[in-house]
Amino acid sequence: MHQLSCRSPAGTTTRPIRELRILTGCSPRARVFGSVLPQRSIGLSTTSPLRPGQQGRSIGSQSRLVSRGLPDPVALGLFFAPGLAALVYAYFRGKGNLTDGLSRLLTEVSQGYFQPDVGGKNIPVAEGELSDLAGDQPLFKALYQWFIESGGVYKLVFGPKAFIVVSDPVVVRHLLKDNAFNYDKGVLAEILEPIMGKGLIPADLDTWRVRRRAVVPAFHKQYYEAMVSMFGRCSKRSVDKLEAEVDRGQGAAVVDMESEFLSLGLDIIGLGVFNYDFGSITSESPVIKAVYGVLKEAEHRSTFYLPYWNLPLADVLVPRQAKFRRDLLVINDCLDGLIRQAQDTRVEEDAEALQNRDYSKLRDPSLLRFLVDMRGEDVTNKQLRDDLMTMLIAGHETTAAVLTWALFCLVQAPEVEARVLEEVDRVVGDRMPTLEDIKAMPYLRATLGESLRMYPQPPILIRRALGEDVLPPGLRGDPSGYPIGKGADLFISVWNLHRSPYLWKDPDTFRPDRFFEAFSNPDFEGKWAGYRPDAVTGGAALYPNEVSSDFAFIPFGGGARKCLGDQFAMFEATVAMAMLVRRFNFQLAVPPEKVGMATGATIHTANGLLLKVTRRIPPPTDGQTSPQQQAREPVAV
Ligand code: HEM
């Protein structure tokens, strides 16, 4: 058993807490939504929909001004005027940096007046400048440095906004499980609502309760078996495509595997959720273009200061907003057509009968089929469409990112790669993997888990308090805890948890074996149960999770709002990885640092995952002959 004392790597735990005052922070390469939110969440986070009793239009932080009775032009003026003032302020403070000056000015001016009282008065405030965040590194990396300096619960102040950053498993357990219903998705829901409507991720709690109860039974054992075989068929398309590219390149090809995984992920989620074959591995259709267009717009919205898209006629006058509207129409049309088709062929049954259908013979084993056929579900078409859209977006890039980073890690860890190959060759060979095969490959599963630990998708979860609460202190926090009020915005830093030196031995090392070893830290004084592998191998779960790690490992969240597609995604990644590494050798075509990182809903590469791909001649298994060897052997006639 490994134990770590609770010293930060740089021994910085005793450093005095400084203050961070930031207007906003964004890596210039910020890409999608969700985890990007913290990067430029100023404009977004303040775009709250109007609540009952509130008056006026909601435009960013102005919504608060409007609710105080100030007219919109004044509010807008207040938003822009500080630019000039900041220049003067920054100048007189001895720093000629406009953005940092604006940040400090807004923060100081707004304190006590524009800043709503959301408690958290005794939470340490981290210090830094906006320019600390605006460098080349993604935001979640800056959040890590302040975590090491300021502890598992700290506050960032952005002009009139404050965000509480949580990196401690005891506090995370409280937020996601023990008092989960005191929180909603806050900023995230505001961004996703135009795309996902009342789908499960952004849904308000009342809608969520009803829909979650309806959707959960659709993920059952027979469904997974049908899905695993579909994952194999789709992965085979990727294998065929890569083989053709390698042959065209006379034995080797340089391929952007991130982009290949995105295509694979899209085809799989389309078939699994609504039995629609995007065929994106081999072609490009208007619907595929529209899906990527919508994702891109979500990214844009999460990284832009002013929510101009809420202005009247923005979707007519601003070309990119008009395109977004058109893209949404294309996808909605496609989904509406699929829903209509499913309803026209509806065979109503109760959940148990639906689960007992023979999925190996069903032409349409999708979630949509299940949801439409479920007896007693009076769901509107709009709600069904929101559910489908949510799963399409939630399950596409995330799984592609897992495969991307897992392969990135594997090609740089020859010993791990050799063990994965040994397992795949022994268990699966040239067959398409089955659910039983997945169960028989613990090392490959741990490898995928380890890459999710190092590159969590998304790296930050977002919450907003619906009522008062007291956050537990966690490791070395204020023993009386941290009282917070309604409206407090929180970022749960999954990246910090997964890379915490207090929770993992050598957190920056890619080492799948860690998931077979117990780990604890006595500094938590029993409040954190540590990592217990038996909770995974001895229990039902095939992959490490929040239970086995007591909320130190939360790639799929935890508690009531935990991801519904966790098994779907991990089975998909396991099947695809097994089939690809069996047939190909992968090598980095550029130095690892050139791959780069950029934040989105997921962590993307900055420049693609360019790998040199060649065919692998795998050993035959159980007397099987590999296709490559067959090709060289004379064919019996
Ligand atoms: C590796 C791939 C995936 C990762 C890393 C992932 C991660 C997550 C995380 C962290 C959450 C919780 C968000 C929060 O608490 O704020 C979540 C929620 C969700 N995910 Fe996934 N996800 C993945 C794949 C999928 C797939 C394939 C589907 C659908 C088939 C899916 C559907 C959902 C849904 C519906 C929710 C909302 C659950 C609720 O609020 O009740 N996800 N996902």
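An unreviewed UniProt entry lists the protein under the name Cytochrome P450, with Volvox reticuliferus as the source organism.

J.: Is there a simple way to explain the coordination of the iron atom of the ligand in this structure?
T.: Six octahedrally arranged donors around a metal ideally form angles of 90 or 180 degrees; four tetrahedrally arranged donors ideally form angles of 109.5 degrees. Protein coordination of the iron atom of the ligand rests on one atom only, C563 (SG), at 2.3 Å. Assignment of secondary structure puts C563 in the loop between helix 23 (534–537) and helix 24 (566–583).

J.: Just to check I follow, could you spell out helix 21 (residues 442–454) for this structure?
T.: Because an α-helix packs 3.6 residues into every turn, residues spaced three or four apart end up facing the same way. Helix length check: helix 21, at 13 residues, gives a terminal C-alpha distance of 18 Å against a target of 18 Å (1.5 Å per residue), a fit within 8%. Within helix 21, 12 of the 13 residues are buried, which leaves it mostly tucked inside the rest of the structure. All of the buried residues along helix 21 are Y443, L444, R445, A446, T447, L448, G449, E450, S451, L452, R453 and M454. On its buried face, helix 21 is in contact with helix 18 (381–411), helix 19 (414–427), helix 20 (435–439), helix 22 (494–498) and helix 24.

J.: Explain the packing of helix 15 (residues 319–344) against helix 18 here, please?
T.: When two helices pack together, their arrangement is given by the angle between the helix axes and the distance between those axes. It is at 10 Å that the axes of helix 15 and helix 18 come closest, and there the two elements cross at 115°. Here helix 15 runs over helix 18; the crossing is right-handed. Facing L328, I331, N332, L335, D336, I339 and Q343 of helix 15, the residues of helix 18 in contact are N381, L384, R385, L388, M389 and L392. The residue makeup of the contact of helix 15 with helix 18, split by class, is 8 nonpolar, 3 polar and 2 charged.

J.: How do you make sense of the site of the ligand when you look at a structure like this?
T.: Taken together, 26 residues form the shell around the ligand, and within it W208, R212, R463, R561 and C563 come nearest. Here an oxygen atom of the ligand and a side-chain polar atom of W208 are 2.6 Å apart. Looking at the shell around the ligand, the elements that each hand over two or more residues are helix 10 (205–215), helix 18, strand 6 (460–465) and helix 24. If one sorts the elements of the shell around the ligand by residue count, helix 18 sits on top with 6 residues.

J.: Just checking my understanding: could you explain the packing of helix 12 (residues 257–274) against helix 24 for this structure?
T.: Contact geometry for helix 12 and helix 24: axes closest at 12 Å, N-to-C directions at 130°. It follows from the interaxial angle that helix 12 and helix 24 lie oblique. Regarding helix 12 and helix 24, the two cross each other, and that crossing is right-handed. When helix 12 is examined against helix 24, the residues M257, F261, L264, G265, I268, I269 and G272 are found in contact with a partner set consisting of F568, E572, A576 and L580. Per-class residue counts for the contact of helix 12 with helix 24 are 8 nonpolar, 2 polar and 1 charged.

J.: What should I look at first to understand the packing of aromatic side chains in this one?
T.: Any two aromatic rings considered together are summarised by their centre-to-centre distance and by the angle between their planes. Counted according to the given criterion, the structure contains 27 aromatic pairs. Plain terms: the ring middles of F219 and Y224 are 6.4 Å apart, the flat faces sit at 40° to each other, and that makes the pair tilted. For the pair F219 and Y224, a shared accessibility class is recorded, and that class is buried. Relative to W309, the ring of Y308 lies with its centre 5.2 Å away and its plane at 70°, an arrangement referred to as edge-to-face. Classification of Y308 by relative accessible area gives buried; the value is 17%. Among the aromatic residues, those joined into a cluster by ring pairs are F219, Y223, Y224, F231, Y543, F568 and F571. Its guanidinium or amino end placed over the ring of F181, R209 lies 5.0 Å from that ring's centre, counting from NZ or CZ. In this structure, R453 is placed above the aromatic ring of W504, and the distance from its NZ or CZ to the ring centre is 5.5 Å.

J.: Where do I start with the pattern of salt bridges in this structure?
T.: Side chains bearing opposite charge may pair, as long as their charged atoms lie close to each other. Evaluated as defined, the whole model comprises 39 salt bridges. With a shortest N-O distance of 2.6 Å, D425 and R616 are connected by a salt bridge. Taken together, the positions of D425 in helix 19 and R616 in the loop between strand 14 (610–615) and helix 26 (627–632) put the pair 191 residues apart, joining distant regions of the chain. Its relative accessible area of 9% is what places R616 among the buried residues. Here R464 ties to D489 by a salt bridge, and the two come within 2.7 Å at their closest N and O atoms. Residue R464 is located in strand 6, and its partner D489 is located in strand 9 (residues 489–493); the two are separated by 25 residues in the primary sequence. In this pair, the class of R464 matches that of D489, namely buried. By sharing partners, the salt bridges in this structure join E243, D247, R583 and R615 into a single network.

About the criteria used
- The written sequence of each chain sets the order in which its residues are numbered from 1.
- Reporting of local features is limited, given that this is a predicted model, to residues whose pLDDT is at least 70; pairs of side-chain atoms are given and counted only at 80 or more, and all residues count toward the totals for whole chains, interfaces and linings.
- Heavy atoms throughout the structure, all of them, feed into the side-chain values; hydrogens and water do not.
- Water is not part of the atom set, so a site may look incomplete; the donors themselves are N, O and S atoms within 2.8 Å of the metal, or 3.2 Å for Na, K and Ca.
- Helix and strand definitions here come from DSSP, where helices need a minimum of 4 consecutive H or I residues and strands a minimum of 2 consecutive E residues; each element is numbered from the N-terminal end.
- Expected span of a helix: the number of residues minus one, times 1.5 Å.
- Under the scheme applied here, a residue whose accessible area is under 20% of the maximum for its type counts as buried, over 50% as exposed, and between as partly exposed, the area being computed with a 1.4 Å probe on protein chains only.
- A contact between two residues is defined here by any heavy atoms of the two lying within 4.5 Å.
- Note on geometry: axes are lines fitted to C-alpha atoms, helical ones only across the stretch in contact, with angles between N-to-C directions running from 0 to 180 degrees.
- Here a crossing is called left-handed whenever its near helix is offset anticlockwise from the far helix by less than a right angle, and right-handed whenever the offset is clockwise.
- Think of it as three bins: nonpolar holds Ala, Val, Leu, Ile, Met, Phe, Trp, Tyr, Cys and Pro, charged holds Asp, Glu, Lys and Arg, and polar takes everything else, Gly as well.
- Any residue with a heavy atom lying within 4 Å of a molecule or strand is counted as near it.
- As used in this structure description, the phrase polar contact means that two N or O atoms lie within 3.5 Å; if the pair is within protein, one of them must be able to donate a hydrogen and the other to accept it, and residues adjacent in sequence are counted only when both atoms belong to side chains.
- With respect to orientation, any angle under 35 degrees is reported as roughly parallel, any angle over 145 as roughly antiparallel, any angle of 65 to 115 as roughly perpendicular, and every other angle as oblique.
- Stacked, edge-to-face and tilted labels apply to pairs of Phe, Tyr and Trp rings (six-membered ring for Trp) whose centres lie within 6.5 Å, assigned for plane angles under 30 degrees, over 60, and everything in between, in that order.
- Charge-over-ring contacts are defined here by two conditions on Lys NZ or Arg CZ: a distance within 6 Å of the ring centre and an angle within 35 degrees of the ring normal.
- By salt bridge we mean one thing: a side-chain nitrogen of Lys or Arg within 4 Å of a carboxyl oxygen of Asp or Glu.

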